[in-house]
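# Coordinate analysis (summary)
The lines below spell out each chain.
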Amino acid sequence: MKAYTLEIWRLRYFWLSLVKIDLNTRYRRSALGLGWSLLQNILMTIVLSVVFGTLFQLDIAFYAPFILIGLAYWGFLSSCVLMGATSLYNAEPYMKQHKVPVAIYPLRTVLGASFHFSIALVVAFVATLFFQGPEHLLAWPVTLMGFLLLFLFGWSLAVLTAFSNVYFPDVSHLLEVGMQIAFYATPIIYPLSMLEARGVGFLVTINPFSYHLELIRKPVLEGTLPDVTIILGAVGLTVLSAIFAIITLWKREDQIVLEL
Amino acid sequence: MTSLSLQKANLTFTVRKQGRLPLKEMVVSYLQGKHKYPKPIQVHALKGIDLELKEGDRLGILGHNGSGKSVLLRMLAGIYPPTAGKREAQGRIVSLFDIGLGFEMEATGWENITYRSYVMGMTPADVAEKREEIAEFTELKDALDLPIRCYSPGMLIRLAFAISTAVEPEILLVDEILSVGDIGFQKKAHERMLEMMDRAKIMVMVSHDLGAIQDVCNRAIWMNRGNIHAQGDCKTLIEQYSEAMKPAEPAPAPSEPEATSTEDSTAAAA
């Protein structure tokens, strides 16, 4: 495993340049460039704030940053799962020419997604400063720790979906449907407390995508550490998915090219 | 010490006639208690190959289409793992096959030069050094600033060839790319190719151009139906092979007599 990691490191220029190409391609095509992906989240937040803020009677100073962080998080996670799923399929021409560690291709996807996520988070941070002032600033480094954990979680999910998509042709379609459902089962546009008040909080507890969100959002919005159960849940899920991802790579790394 | 070897290497592909089975179908039919999936076909592409290559070896691989030449080359490159048996390699491998694939179509010619150099293990310092030389060899000039989706197939293959031949190989694996581009470029490419083969410590080439093999190789193997049918000195083997590939005459040597080889040999000679 050490040799494998070193090989990935040796080829860092390769995957970094692929990430760079991905980002360039994405932004070259639109006049607003980087601004476009930000604008999307901001517009969505304005609409949601007006509609659901009124509906749920929520304070906009809390609700707007709340949604911004939630959307940024979901954007990252769904990119990892959905684009990760096609990452090996798209890499077929490389894989049939050069023997490089397969883990590089999901990494490419996750690094690109991380870039967008970072920018979206910065917007969310600015919005929080604007609406709430700097009172929770000290707790923000905790969010960065959460980011690292989420990165590993995202990469593990991307590896797992990428491999399953090679073995079963309908996985990426199923995942799309699944992620749409999961979006509503994750407290992105509604606060968890509203579900708990009505006794259906378990929906979120059994949702593996809700832990990392809380880990990232709570320090920014409330200036406190997340509950121990949240931290343990996020760490546990990350470790578990990483173990599965590593086992998958270890067992299938060489054979996967025969299935493409 | 550069070396490359296969010991009793086998490769079996699993081919499903109806394509892959969707996960949904599999789960549903499992729940219904049916387990009748279309049986996959096993293709035994390489059968117990033993091969030992040392420094100085220039191996030519002969055989008609579908005999396992390209698969063998990919296994030597480490891309296809042996499903049974062993492969050992010492030295930096550079492979020249499917070079037209694996481009980022939205990126410019320059960007593609950079990242394709990186995938072959170059560092930014190496790339800075080789970039201009690669660009010059392609003769594409200003077109290198364009996204390569605008390139013609000929331009693309020039780019691919220039990049792939810019590295210093210890082990060089070649699949039939001795002619690329227009006539002027072909000559240039041919020379560059020969130089590169010269520098490599071990070279393996698959080609239907028997003359080319005879020019650059000192050893040869003859593949038939996933087996090494015969091997030895390049000149002798090519004579035997050409003899066997002559039309009219029945294919003499294949150990398993079968109708297809006669058909194939006729087709190859036609």
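Residues numbered from 1 in each chain as written. Chains lettered and ligands numbered in written order. Predicted model: local features only at pLDDT ≥ 70, side-chain atom pairs only at ≥ 80, totals over all residues. Heavy atoms only, no water.

## Points about the sheet that holds strand E4 (residues 84-90) of chain B
All names here are of chain B.
- Spatially, E2-E1-E4 is the arrangement adopted by the three strands of the open sheet, whose pairing is antiparallel. Two strands in the sheet have a free side with no partner beyond their single neighbour: strand E2 (41-54) and E4. Ignoring strand direction, the axes of neighbouring strands in this sheet form an average angle of 25°.
- Here strand E1 (residues 3-15) pairs with E2 via ten bridges, running antiparallel. Across the sheet, residue Leu6 finds its bridge partner in E2, namely Leu51.
- Together, E1, E2 and E4 form the strand contacts of helix H2 (residues 69-77), whose direction differs from that of E1 by roughly 120°. (Pairing = 2+ DSSP bridges. Helix = DSSP H or I, 4+ residues; strand = E, 2+ residues; numbered from the N terminus. Axes fitted to C-alpha atoms, helices over the stretch in contact; angles between N-to-C directions. Contact = heavy atoms within 4.5 Å.)

## So, the packing of aromatic side chains
- In this structure the tally under the stated criterion is 19 aromatic pairs over all chains.
- Measuring from ring centre to ring centre gives 5.4 Å for A:Phe52 and A:Phe56, while their planes differ by 40°; the resulting arrangement is tilted.
- Ring centres 6.0 Å apart and planes at 5° place the aromatic pair A:Tyr94 and A:Tyr105 in the stacked group. With A:Tyr94 in helix H5 (residues 92-95) and A:Tyr105 in helix H6 (residues 104-132), this residue pair connects regions lying eleven residues apart in the sequence. Summarising the burial analysis for this pair, A:Tyr94 and A:Tyr105 share the class buried.
- The ring of A:Trp9 carries A:Arg12 above its face, with NZ or CZ at 4.3 Å from the centroid.
- The ring of B:Phe137 carries the charged tip of B:Arg192 above its face, separated from the ring centre by 4.1 Å. (Phe/Tyr/Trp six-rings, centres within 6.5 Å; stacked < 30°, edge-to-face > 60°. Buried < 20%, exposed > 50% of the residue type's maximum accessible area, 1.4 Å probe, protein only. Lys NZ or Arg CZ within 6 Å of the ring centre and 35° of its normal.)

## As for the sheet that holds strand E9 (residues 227-233) of chain B
Residues and elements named next belong to chain B.
- Strand order in the open sheet formed by six strands is E5-E6-E7-E3-E8-E9, and the pairing between neighbours is mixed. The open sheet has two free edges, formed respectively by strand E5 (93-96) and E9, since each of these has just one partner strand. On average, adjacent strands in this sheet sit at an angle of 15° to one another, irrespective of strand direction.
- Relative to strand E7 (residues 202-206), strand E3 (residues 58-62) is paired through four bridges, and the arrangement is parallel. Residue pairing for E7: Ile61 is matched across the bridge by Val206.
- Lying over the sheet, helix H6 (residues 183-199) contacts E3, E5, strand E6 (171-175) and E7, oriented at roughly 145° with respect to E6.

## Things to note about the pattern of salt bridges
Residues and elements named next belong to chain B.
- Counted according to the given criterion, the structure contains 21 salt bridges over all chains.
- Across the pair Lys201 and Glu170 runs a salt bridge, and its minimum N-O distance is 3.8 Å. Of this pair, Lys201 sits in the loop between H6 and E7 while Glu170 is found in the loop between helix H5 (153-164) and E6, placing the two residues 31 residues apart along the sequence.
- Each of Glu139, Arg158, Asp182 and Lys188 takes part in one network of salt bridges that share partners. (Salt bridge = Lys/Arg side-chain N within 4 Å of Asp/Glu carboxyl O.)

## Describing the environment of B:Gln231
Residues and elements named next belong to chain B.
- Relative to the assigned elements, Gln231 resides in strand E9.
- Residues Gln231 and Ala220 lie eleven residues apart in sequence; the distance between their C-alpha atoms is 5.8 Å.
- The residues contacting Gln231, other than those within four sequence positions of it, are Arg219, Ala220, Ile221 and Leu237.

All quantities given are derived from atomic positions and should not be read as evidence of function.
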